[in-house]
Amino acid sequence: MFNSIGNVYCVGRNYGLHAAELGNGVPEKPMIFTKPTHSLVPMEGQIINVPGDMGDLHYEGELVLHIGKSYEKGRAVDQLVDKMALGIDFTLRDVQNQIKKNGHPWLPAKGFLNSAPITEFHAFPGLEEVKKREFTLEKNEKEVQRGNIQDMIFDLQAIVDFIGLHYGLGAGDLIYTGTPAGVGKVLNGDSLELFWNGQSWGKVSVNLNQ
Ligand code: ZN
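Rules of the game
Residues numbered from 1 in each chain as written. Predicted model: local features only at pLDDT ≥ 70, side-chain atom pairs only at ≥ 80, totals over all residues. Heavy atoms only, no water. Helix = DSSP H or I, 4+ residues; strand = E, 2+ residues; numbered from the N terminus. Rg over C-alpha atoms; globule rule 2.2 N^0.38 Å. Buried < 20%, exposed > 50% of the residue type's maximum accessible area, 1.4 Å probe, protein only. Areas by Shrake-Rupley, 256 points an atom, 1.4 Å probe, with all protein chains shown as cover. Donors = N, O, S within 2.8 Å, 3.2 Å for Na, K, Ca; no water. Salt bridge = Lys/Arg side-chain N within 4 Å of Asp/Glu carboxyl O. Pairing = 2+ DSSP bridges. Core = buried A, V, L, I, M, F, W, Y, C linked by side-chain atoms within 4.5 Å. Contact = heavy atoms within 4.5 Å. Phe/Tyr/Trp six-rings, centres within 6.5 Å; stacked < 30°, edge-to-face > 60°.

A count of helices and strands for the chain gives 6 helices and 16 strands. Taken against the 2.2 N^0.38 rule, which gives 17 Å for 210 residues, the C-alpha radius of gyration of the chain at 16 Å falls within 12% of a compact globule. In terms of overall dimensions, the chain has a C-alpha envelope of 50 × 40 × 35 Å along the principal axes. Burial status across the chain gives 54% buried among its 210 residues. As presented, the chain carries roughly 9,400 Å² of accessible surface, and 47% of it is formed by carbon and sulfur atoms.

Dropping the structure here:
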């Protein structure tokens, strides 16, 4: 399923209310990090193993863009993006807090195996259509997050421009575009399901490895 996937980019602190809930300031330019492709796992209703002995594990529900065409300056989101999905940017929050204090790279907090569950892909309907809809994350069948790209600090065009110019963006790359407010802890056995406009796109349950 992921043979054709290139780089997995992620945007940190891209919704104001989420930055605030973690006590972080709003960044002046997009905050980009990557995950290894090995972090990807399809959300097909199965149980996935994630670390259970490294402090709190948080879910972050996000809109994910699939790039269909190489970036060139001036290319619009609607030309670059061919598909979209929803995904979870799993984060070991205690590990991340320690890493931030030490000024170390985020990989141990964000890049572990199965840290990037992703739903099925759907055709990208165009920026204006995406703005009219919302995505939601349900934990154990209760809504915990709701996002609309209009609340982003850096909009999708700003994100693809920033990544394209600084790091490169090509067909097969993914971008996890940041999480809205409402992130929280995952407990053993929790189910996480992502919805686009009220329609389920994918689900997993978590097994916390001890
Ligand atoms: Zn995130």
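We are not done yet, so read on.
Let us now look at the coordination of the zinc ion. Donor atoms from the polypeptide that bind the zinc ion are Glu60 (OE), Glu62 (OE) and Asp89 (OD), placed at 2.0 to 2.1 Å. When the donors of the zinc ion are listed by position in the chain, the intervening gaps give E-x1-E-x26-D. Taken together, the residues Glu60 in the loop between strand 5 (57-59) and strand 6 (61-67) and Asp89 in the loop between strand 7 (81-88) and strand 8 (91-92) connect sequence positions 29 residues apart. Assessed through its relative accessible area of 4%, Glu60 is described here as buried.

Across all of its chains, the model carries 13 salt bridges by this definition. The partner of Glu60 in a salt bridge is Arg93, and the shortest N-O contact between them spans 2.8 Å. Residue Glu60 is found in the loop between strand 5 and strand 6, and its partner Arg93 is found in helix 3 (residues 93-102); the two are separated by 33 residues along the sequence. With its nearest N and O atoms 2.9 Å apart, the salt bridge here joins Arg146 to Glu143. Salt bridges here are not isolated pairs; linked through shared partners, they connect Lys35, Glu60, Asp89, Arg93 and Lys110.

Turning to the sheet that holds strand 8, a few remarks are in order. The strand order across the open sheet built from 3 strands is 8-5-14, with neighbouring strands paired in antiparallel fashion. The two strands at the open ends of the sheet, each matched to only one other strand, are strand 8 and strand 14 (184-185). Here 2 bridges tie strand 5 to strand 14, and the two strands are oriented antiparallel to one another. Residue Tyr59 lies in a different strand from strand 14, and its bridge partner there is Gly184.

It is worth spelling out the pairing of strand 16 (residues 199-209) at this point. Summarising the sheet, strand 4 (residues 47-51) and strand 16 pair through 5 bridges and their orientation is parallel. Its bridge partner being in strand 16, Val50 is matched across the sheet by Leu208. Pairing between strand 15 (residues 191-196) and strand 16: 6 bridges, direction antiparallel. Residue pairing in the sheet places Phe195 in a bridge with Ser200 of strand 16. Counting the residues that bridge the hairpin from strand 15 to strand 16 gives 2 residues, and of these Asn197 lies at a positive phi of roughly 55°.

Ranked by size, the top nonpolar core spans 62 residues in total, and within it Leu40, Leu63, Phe90, Leu156 and Ile175 carry the most contacts. For Leu156, the residues in contact, after removing those within four places along its chain, are Leu63, Leu65, Val77, Leu127, Ile149 and Thr177.

Take the packing of aromatic side chains next. Here the structure, examined in full by the defined rule, presents 4 aromatic pairs. Summarising the aromatic geometry, the rings of Phe33 and Trp106 are spaced 5.2 Å apart at their centres and angled 55° between planes, so their arrangement reads as tilted. Remark: Trp106 occurs in the loop between helix 3 and helix 4 (107-110) and Phe33 occurs in strand 2 (residues 31-35); sequence separation between them is 73 residues. Residues Phe33 and Trp106 agree in their burial class; the two are buried. A connected cluster of aromatic rings, assembled from ring pairs, spans Tyr9, Phe162 and Tyr167.

Of all 8 residues in strand 7, 6 are buried, a share of seventy percent or more. Pairing of strand 6 with strand 7, which is carried by 7 bridges, proceeds in the antiparallel orientation. Bridge pairing in strand 7 places Gly61 opposite Ile88. Note: strand 7 against strand 10 (residues 122-123), 2 bridges, orientation antiparallel. Directly across from Lys83, in strand 10, lies its bridge partner Ala123.

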